Amino acid sequence: MIWLFIVVLTSIAIGVLAMSLRARNYLEQGSDSTAAIYADQLAELERDVAKGMVSELDAKAARTEIKRNILRQTQAGSSALHSSKRVSRFGIGIAMLFVPVVAVGYYTQFGNPALSNITLAEQRETREERSQVVALTEQLKTRLETDSVGGPNEGWLLLGQTYMRLGQFADAVDAFSFVSTRPDAASSTFSMLTEALVAQENGIMTPAAQAAIDKAAVLDPTNPAVTYYRALSLQQSGQSAEAHKLIVARLEAADGFYPWMETLVAQANQIGAGIGRAPLSLEQFAPMLAGRGPSAEEVAAAEDMSAEERAKFIQSMVQRLADRLAEEPDDLDGWLRLGRAYTVLGDEKSAKAAYHKASKLSVALSASDPRKSLADNALNALGQ
């Protein structure tokens, strides 16, 4: 977009200059051609005098008239050329002023002046961190491949998850596929493999991805990833109503609140928007959340608040959750909710602190628990 704008500005500037120079050249050429005509007239007159066709007296009068015409034309041409020079200088001045003024105005309005705040040191640090992660990943891969017993499942799964974060989806597929061939492969292994296969194909459920999620369903029908990817497959095959129904049924079967429910609610609402379904809310399937949020009276009061008062009200609810977690530090779900709340409020520092707490608590979870990687994924999205 910026290059297109630069081309347009340059074209306008060149056009202004070309028009000015063209007008000047036209006047100069016109003056030269008129002078040539009068010169021809004088030469023709002299030839007629020599032939005796025109008397010397008449020739003298004619010469005087032609010379007067030449003088008038010269004066008029000089005046027009002088005016043309002024116009040309004016055009050049406009072009010189127009381009920088409009360019600066455009950049200030639509560009990114704050980009200069991103120092070269920060960019270098980001590149160095990625290089370190890549190097450590390759070391892990080498260690797993050279392991005498093939390397533990956890190591291969960690390798696959790291490749996913690096955007190397084909390598992630290879890592997850290796574990999936083992007899002790869990349902979560196949759902991770499905995620990698779908990412590799830009969000499309391929036959290979369908086969992987079907295997995950056989090993653990309650795996929420099974519902998510089967619903995705139904939606992509034109069965959006069935996909929506499948998600709602899974949410209704939940025996409490789980963080993965938020993902399924969002997916259901995205599908439902296209088929005229009413939006779902998390509280419909996890009533206990209502007790941790504002009361009905508080919600009603918030509707009459100003923007500033409402912001303070939201901050107070988040602070209430933070205070409770200070007394109940082992509440993993609470730390995940607090991290999301701070993220929404734009407080990345507090969000990272909450997710770090959640990450430590999630270490003890089984590999099949959908909450195990939520905190790490959130920290990765926030840049650690």
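Relevant structure appears above.
Per chain, the residues get numbers from 1 upward, laid out in the order the sequence is written. Totals for whole chains, interfaces and linings use all residues, but because this is a predicted model, local features are given only for residues with pLDDT of at least 70 and pairs of side-chain atoms are given and counted only at 80 or more. Side-chain calculation: all heavy atoms of the structure are included, whereas hydrogens and water are not.

A. Molecular detail of the overall build of the protein chain. For the protein chain, the count of helices and strands is 15 helices and zero strands. Accessible area is worked out with a 1.4 Å probe on protein chains only. A residue is then buried under 20% of its type maximum, exposed over 50%, and partly exposed in between. Across the 384 residues of the protein chain, 31% fall into the buried class. In the protein chain, once contacts between residues fewer than 6 apart in sequence are set aside, the share between residues at least 24 apart is 51%. Only the protein chains shown count as cover for residues, with accessible areas throughout obtained via the Shrake-Rupley method and a probe of 1.4 Å. Counting only carbon and sulfur atoms, one obtains 59% of the accessible surface of the protein chain, whose full area is about 23400 Å². Per the convention used, a helix needs a DSSP run of H or I reaching at least four residues, while a strand needs a run of E reaching at least two, with both numbered from the N terminus. Contact definition: two residues touch when any of their heavy atoms are within 4.5 Å.

B. Representation of helix H8 (residues 224–236). Helices are assigned an expected span. That span is 1.5 Å times one less than the residue count. End to end, H8 covers 19 Å across 13 residues, agreeing with the expected 18 Å (1.5 Å per residue, within 8%). When we look at burial in H8, the residues that qualify are Pro224, Ala225, Val226, Thr227, Tyr229, Ala231, Leu232 and Ser233. In this fold, the buried residues of H8 make contact with helix H6 (187–200), helix H7 (207–219), helix H9 (240–252) and helix H10 (260–275). Downstream of H8 by one or two residues, Gly238 has phi in the positive range, about 90°.

C. View of the packing of helix H14 (residues 348–362) against helix H15 (residues 374–381). Only the stretch in contact is used when fitting a helix axis, every axis being a line fitted to C-alpha atoms; angles between N-to-C directions are given from 0 to 180 degrees. Two elements in contact, H14 and H15, have axes separated by 8 Å at closest approach and are oriented at 150°. Compared by their axis directions, H14 and H15 come out roughly antiparallel. The handedness of the crossing between H14 and H15 comes out as left-handed. Contacts between H14 and H15 pair Lys352, Tyr355, His356, Ala358 and Ser359 from the former with Ala375, Asp376, Ala378 and Leu379 from the latter. When residues are sorted by character, Ala, Val, Leu, Ile, Met, Phe, Trp, Tyr, Cys and Pro go into the nonpolar class, Asp, Glu, Lys and Arg into the charged class, and all the rest, Gly among them, into the polar class. Residue composition of the contact of H14 with H15, grouped by class: five nonpolar, two polar and two charged. Between 65 and 115 degrees an angle is taken as roughly perpendicular, under 35 as roughly parallel, over 145 as roughly antiparallel, and anywhere else as oblique. In this scheme, a crossing is called left-handed if the near helix is turned counterclockwise away from the far one by less than a right angle; it is called right-handed if the turn is clockwise.

D. Fine view of the pattern of salt bridges. Here a salt bridge means any side-chain nitrogen of Lys or Arg lying within 4 Å of a carboxyl oxygen belonging to Asp or Glu. Counted according to the given criterion, the structure contains four salt bridges. The salt bridge involving Arg230 is made with Asp214; its shortest N-O contact spans 3.3 Å. In this pair, Arg230 is assigned in helix H8 and Asp214 in helix H7, connecting sequence segments 16 residues apart. Judged by relative accessible area, which is 28%, Asp214 ranks as partly exposed. Where Arg324 meets Asp331, a salt bridge forms, and the shortest distance between an N and an O atom there is 3.1 Å. Neither residue differs from the other here; Arg324 and Asp331 are each classed as buried.

E. The environment of Ser359, seen in detail. Residue placement: Ser359 occurs in helix H14. Between the alpha carbons of Ser359 and Leu336 there is a distance of 9.0 Å; along the sequence they are 23 residues apart. With near-sequence residues (within four places) excluded, Ser359 lies in contact with Ala375, Asp376 and Leu379.

F. Molecular detail of the side chain of Thr137. Within the secondary structure, Thr137 sits in helix H3 (residues 120–146). Beyond its immediate sequence surroundings of up to four residues, Thr137 is in contact with Leu159, Thr162, Tyr163 and Leu166.

G. Layout of the nonpolar core. Formed by 28 residues in total, the largest nonpolar core has its most connected members in Phe176, Met205 and Tyr229. Residue assignment for this core shows that the elements contributing at least two residues are helix H4 (153–166), helix H5 (169–180), H6, H7 and H8. Considering each element in turn, this core owes the most residues, six residues, to H6. Those residues in contact with Met205 that lie beyond four places of it in its chain are Thr194, Val198, Gln210, Ile213, Tyr229, Leu232, Ser233 and Gln236. Residues grouped as a nonpolar core are buried Ala, Val, Leu, Ile, Met, Phe, Trp, Tyr and Cys residues, joined through side-chain atoms within 4.5 Å. Counting 18 residues, the second-largest nonpolar core is a separate cluster that includes Leu332, Ala351, Ala354 and Leu379.

H. Quick look at the packing of H4 against H5. Orientation of H4 relative to H5, taken along the N-to-C sense of each, is 160°, at an axis distance of 8 Å. The orientation of H4 with respect to H5, classified from their angle, is roughly antiparallel. Crossing handedness for the pair H4 and H5: left-handed. For the pair formed by H4 and H5, the contact residues are Asn153, Trp156, Leu157, Leu159, Gly160, Gln161, Tyr163 and Met164 on the first element and Phe169, Asp171, Ala172, Ala175, Phe176, Phe178 and Val179 on the second. In the contact of H4 with H5, the residues fall into eleven nonpolar, three polar and one charged.

I. Local environment of the environment of Met192. With respect to the helices and strands, Met192 occurs in helix H6. For Met192, a relative accessible area of 15% gives the class buried. Residues Met192 and Ser180 lie twelve residues apart in sequence; the distance between their C-alpha atoms is 9.8 Å. Met192 has contacts with Leu157, Gln161 and Phe176, leaving out every residue within four places of it along the chain.

By themselves, these are just geometric observations and shouldn't be taken as functional.
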